[in-house]
Structures are given as C-alpha cells and as structure tokens.
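Descriptive structure summary
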Amino acid sequence: MTQDELKQAVARAALAHVVEGEIVGVGTGSTANFFIAELAALGQRIRGAVASSEATRQRLEEHGISVVDLNHVDRLPVYVDGADEIDHALQMIKGGGGALTREKIVAAVAAKFVCIADQSKLVPVLGRFPLPVEVIPMALNHVSRQLARLGGEPRLREGCITDNGNLIVDLHGLEIADAVDLERRINQIVGVVTNGLFACRPADICLLATPGGVKTLVAA
C-alpha cells in the first residue's frame, strides 16, 4: 500500500469514533485531510466540526461541512488528528504544519482524542522529528537561547507565520526521555505560546495504518 492509501484507510477507520448528531474536532495535516473527505460522506449525521486551523476550516467548508467556533461548543465528544511522531504511551510531537496551538486547544476540550497515523510515525522515543515551539515574535532571541539550554538546536522555521501571527522555532537533536516534564518546562519560558509535545494530554486511542490493516493502540 502507498502512504496515501494507508492514510485513507486510517481516516476511514476513524469514522467509527465519530458521534452522530454531535460536533467533531478536526485536526490539521495530510492525514486529517483524508479524514475530512471521509467525514463529508456522513452529511447531516453530524452537527458540524471545530477546525484546528484556517487551512482545515477552508477544507471543511469546501466539503460542505459546517464549521463551528469552539467558543460556541458546550461539549466535544471526539477530536481526530494526525501526529508527526507518536510513542507507545500515545504521547506525540505535533506541529509540523504550524497549527500546534489550536490543535492543543481543541484536544484539551475533547472528551476523546483519536490519533490517526501510518506506522512510520510510531517511534520508541520522541525527538527524531524536530519539536515545534510557537513563539511571540519579540521574544524570539530570548526563547531561542533558553531552548538551546535544554540541549537541542533551535532553528527558526523560515517563512512560517502561524494562524495566531506568531513564529515557529523547531528544536532539533532531542531525545525526549520525559515528555511531560519537557512540555511543562518549555511552556514556562516567557514568550512561548506552547510547544508541540502532546504529553500532558496524550491521545486516548491511536489508529495505526499498516500494510496488514488498521491497528488500534491504547497507552502502554
């Protein structure tokens, strides 16, 4: 199977976790885009969707799915999104597409977080994928110096402005032994909006696409 076929298979499997008659949270990225296409087939069986980025909002609307502001939502039964990396504890690195802050907000509201990914994203230790950090522009140099003290190499993501008007610094060369601790430490740096570790709020379920079919993983 091609990578796109794997993504399509896992996106289709995620429909089983969508609650009919409710609003669904939708992530950002190539795998989430396959999920949007599958979600459109449900039509009026869902009330609408909360988008985790402007790109997702646009794609949802193109598929005829009503987009609802999160501030108008009383409950969100499920959030479906991909990952740049995920470990066996279902902790993730996200933010390769620059939408980490809004993704983290939607994930925090959702009762269930379903990660959809192909098997290449499953790793024993997080950190091979550079860790994105969203930064207030005036704090760029300060935050970069503080991030360097954590042992990685901070690099500004050139040409990237987030939906919130901020910058992304990617932290390279990490091997993350304690993702919860690192997530909290980075978020305490003044000028950081948030970082791409989803460890304090990991996924509840990971649907992992493999050539032999979609596997369901729960936290080890």
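Presented here is a report on the structure given in the accompanying data block. The model shown is predicted, which means the values in this text are computed figures rather than measured ones.

1. Looking at the side chain of E134
Structurally, E134 can be placed in strand β7 (residues 131-135). No salt bridge is formed by the buried E134; its nearest oppositely charged neighbour, R102, is found at 7.3 Å. A polar contact is formed between the side chain of E134 and the side chain of T101, at a distance of 2.6 Å. Excluding residues within four positions of it along the chain, E134 makes contact with L100, T101, T162, N164, N166, L167, I168, G191, V192, V193 and T194.

2. Topic: the pattern of salt bridges
Taken as a whole and judged by the stated rule, the model has 15 salt bridges. Ionic pairing is found between R102 and E54, a salt bridge with its closest N-O pair at 3.1 Å. Here R102, found in helix α4 (residues 100-109), pairs with E54, found in helix α3 (residues 54-62); they are 48 residues apart in sequence, far enough to count as distant. For R102, a relative accessible area of 25% translates into the label partly exposed. A relative accessible area of 33% means that E54 is categorised as partly exposed. A salt bridge links D181 to R185, with the shortest nitrogen-to-oxygen separation between them at 3.7 Å. Linking D181 with R185, this pair stays in helix α6 (residues 179-187), spanning four residues, or about one helical turn. By sharing partners, the salt bridges in this structure join E54, R57, E61 and R102 into a single network.

3. A word on a nonpolar patch on the surface
Together, I136, M138 and V193 give the surface a local cluster of nonpolar side chains, amounting to about 310 Å² of exposed area. Position of V193 relative to the elements: it lies in strand β10 (residues 192-195). Judged by its relative accessible area of 33%, V193 is partly exposed.

4. Quick word on the sheet that holds strand β11 (residues 197-198)
An order of β4-β5-β11 is seen for the three strands of this open sheet, with the pairing classed as antiparallel. Taken across any chain shown, the strands that pair with only one partner, and hence form the sheet edges, are β4 (85-86) and β11. Bridge count for strand β5 (residues 92-93) against β11 is two bridges, and the pairing is antiparallel. Bridge pairing in β11 links M92 to F198.

5. Let's talk about the layout of surface pockets
What the largest pocket holds in volume is close to 220 Å³. Taken together, the elements giving at least two residues each to the lining of the largest pocket come down to β2 (48-51), α3 and α4. Residues that form the lining of the largest pocket fall into these classes: seven nonpolar, three polar and four charged. Its boundaries defined by the atoms lining it, the second largest pocket holds a volume of some 190 Å³. Around the second largest pocket, the lining comprises 18 residues; the ones closest to its centre are T28, G29, S30, A83 and D84. For the lining of the second largest pocket, the element with the most residues is helix α2 (residues 30-40), which contributes three residues. For the lining of the second largest pocket, a count of residues per class yields three nonpolar, nine polar and six charged.

Analysis parameters
Residues numbered from 1 in each chain as written. Predicted model: local features only at pLDDT ≥ 70, side-chain atom pairs only at ≥ 80, totals over all residues. Heavy atoms only, no water. Helix = DSSP H or I, 4+ residues; strand = E, 2+ residues; numbered from the N terminus. Buried < 20%, exposed > 50% of the residue type's maximum accessible area, 1.4 Å probe, protein only. Lys, Arg positive; Asp, Glu negative; His and termini not counted. Salt bridge = Lys/Arg side-chain N within 4 Å of Asp/Glu carboxyl O. Polar contact = N/O pair within 3.5 Å; in protein donor to acceptor, adjacent residues only side chain to side chain. Contact = heavy atoms within 4.5 Å. Patch = residues over 30% accessible without salt bridge, like charges linked within 9 Å, V, L, I, M, F, W, Y side chains within 5 Å. Areas by Shrake-Rupley, 256 points an atom, 1.4 Å probe, with all protein chains shown as cover. Pairing = 2+ DSSP bridges. 1 Å grid on protein atoms, 1.4 Å probe; cavity = no way out; pocket = protein on both sides within 12 Å on 5 of 7 lines; lining within 4 Å. Points joined across faces, edges and corners; volume = space filled by probe spheres on them. Nonpolar A, V, L, I, M, F, W, Y, C, P; charged D, E, K, R; others polar.

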